[in-house]
Structure formats: C-alpha cells, structure tokens
Amino acid sequence: MSSMSSTSVDASDLHANVALRLRDDDQRYTSGRRELVDLLVGADRPLTVAEVLERSDGLTQSSAYRNLNLLERAGVVLRVVTDDEFGRFELAEDLTGHHHHHLICTSCGLVEDFSVPDSIEDAVDAALHRVASRAGFSVDHHRMDLIGTCPACRSRSTAS
Ligand SMILES: [Zn+2]
Ligand SMILES: [Zn+2]
C-alpha cells in the first residue's frame, strides 16, 4: 500500500481504491456503498448516520449502518469518536490524501474538520516521533482531535 500523500486524489482514483479495499475484504462495491462514499466525499466534516440519511437518496437506516460498518472494517471509512452517543463517519485519510484533525464541541456536539499549517504539522510530528521512539514505538501517522467549546457556544455562555 502506498504511503499517505498530501496531494488530493481525483474521484475516479478514489472509487477505484475503495473497490480494491472492498475486494481485499471479499466485498463488492455496490451502488449503495458507492452512494455512501459519494456522500462522505461531498461532506466537509464527519457525518452521523442521521446526517447521512438526510443527504441520501432513499437509503434505509439499517442499510446505512450495515454498510458504514462494512466500509469501516475494509479501511475505507473511519469512525470519529466523540463524547456523545453518535458515531461520525468520514473517509480514511489515506484514501483522500487530506490529512486533518477535528474540533469537537462538548457543549453542542459540533464536529468540524480542522487543518493546521504544514510547518505546525511538521513540528508536531517531530515531537510525537521523539516521545514515541523513547517508548520504542515507530509512528506511521497521527490522529489528533481537539476537545472544547465552539465559537457559537462560547458566545452563548458569555452573553447570559
Ligand atoms: Zn458548540
Ligand atoms: Zn496532523
């Protein structure tokens, strides 16, 4: 498998790569699964199953759950865990080439994609590699989400 690239891939490459991952997992790239991938490609943040259903063209809740879980097992989709009960789903970074983090609001549950400048990524990565190597650990990549309060919730709490 190729390493993570910082350039974004075009949609036909993406679908071809999704199909390969599913094949490795003995699964077919059905039209329902393709619709889920297209929905996630078009989203600018991780989506809950309810949000996926809102944007879909007649997917049922049970098939959305089943296929998202299947896509997660195949390494196509990543589940973003927050402190509420809703799993949120996004495409795996090594498929999209879009390395990013998340801002998670503990007050309203908002989850947003968050990119940091390359210079900061490099500094963070170097620091993480240093501490990991002290533990004898070799790092492939990192995931990091910031937990806190979004601007809307902050202004609500200062206004009252
Ligand atoms: Zn909020
Ligand atoms: Zn990063």
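Look up: the structure comes first, before these words.
Criteria and cut-off values
- Residues numbered from 1 in each chain as written.
- Chains lettered and ligands numbered in written order.
- Predicted model: local features only at pLDDT ≥ 70, side-chain atom pairs only at ≥ 80, totals over all residues.
- Buried ≥ 20, exposed ≤ 12 C-beta atoms within 10 Å, placed from the backbone.
- Helix = DSSP H or I, 4+ residues; strand = E, 2+ residues; numbered from the N terminus.
- Pairing = 2+ DSSP bridges.
- Core = buried A, V, L, I, M, F, W, Y, C linked by C-beta atoms within 7 Å.
- Contact = placed C-beta atoms within 7 Å.
- Expected span 1.5 Å × (residues − 1).

1. Considerations on the pairing of strand β3 (residues 88-91)
Alternating residues of β3 divide into Arg88 and Glu90 and Phe89 and Leu91, and every residue in both groups is buried. Bridge count for strand β2 (residues 77-80) against β3 is four bridges, and the pairing is antiparallel. By the bridge assignment for β3, Val80 is matched with Arg88.

2. Some thoughts on the nonpolar core
Here is a general trend for soluble globular proteins: nonpolar side chains tend to be buried in one another's company. Among the nonpolar cores identified, the biggest contains 17 residues, and Leu36, Leu40, Val76 and Val77 are the most heavily contacted of them. Elements represented by at least two residues in this core include exactly α1 (11-24), α2 (31-42), α4 (61-73) and β3. Counting residues per element, this core draws most heavily on α2, which supplies four residues. Not counting residues up to four positions away in its chain, the partners in contact with Val77 are Leu40, Leu68, Leu71, Glu72, Phe89, Glu90, Leu91 and Ala92.

3. Section: the pairing of strand β4 (residues 101-105)
Side chains His102 and Ile104 of β4 all project onto a buried face; the interleaved residues His101, Leu103 and Cys105 project onto a face where none is buried. Pairing of β4 with strand β5 (residues 111-114), which is carried by four bridges, proceeds in the antiparallel orientation. Note that in β5 the partner of Ile104 across the bridge is Val111. Relative to strand β6 (residues 145-148), β4 runs parallel, the two sharing four bridges. Directly across from Cys105, in β6, lies its bridge partner Gly148.

4. A short note on helix α6 (residues 118-134)
For α6, built from 17 residues, the straight-helix expectation of 24 Å at 1.5 Å per residue is met to within 8% by its first-to-last C-alpha distance of 24 Å. Of all 17 residues in α6, zero are buried; the element is thus mostly exposed. Following α6 by one or two positions, Gly136 adopts a phi angle in the positive range, close to 75°.

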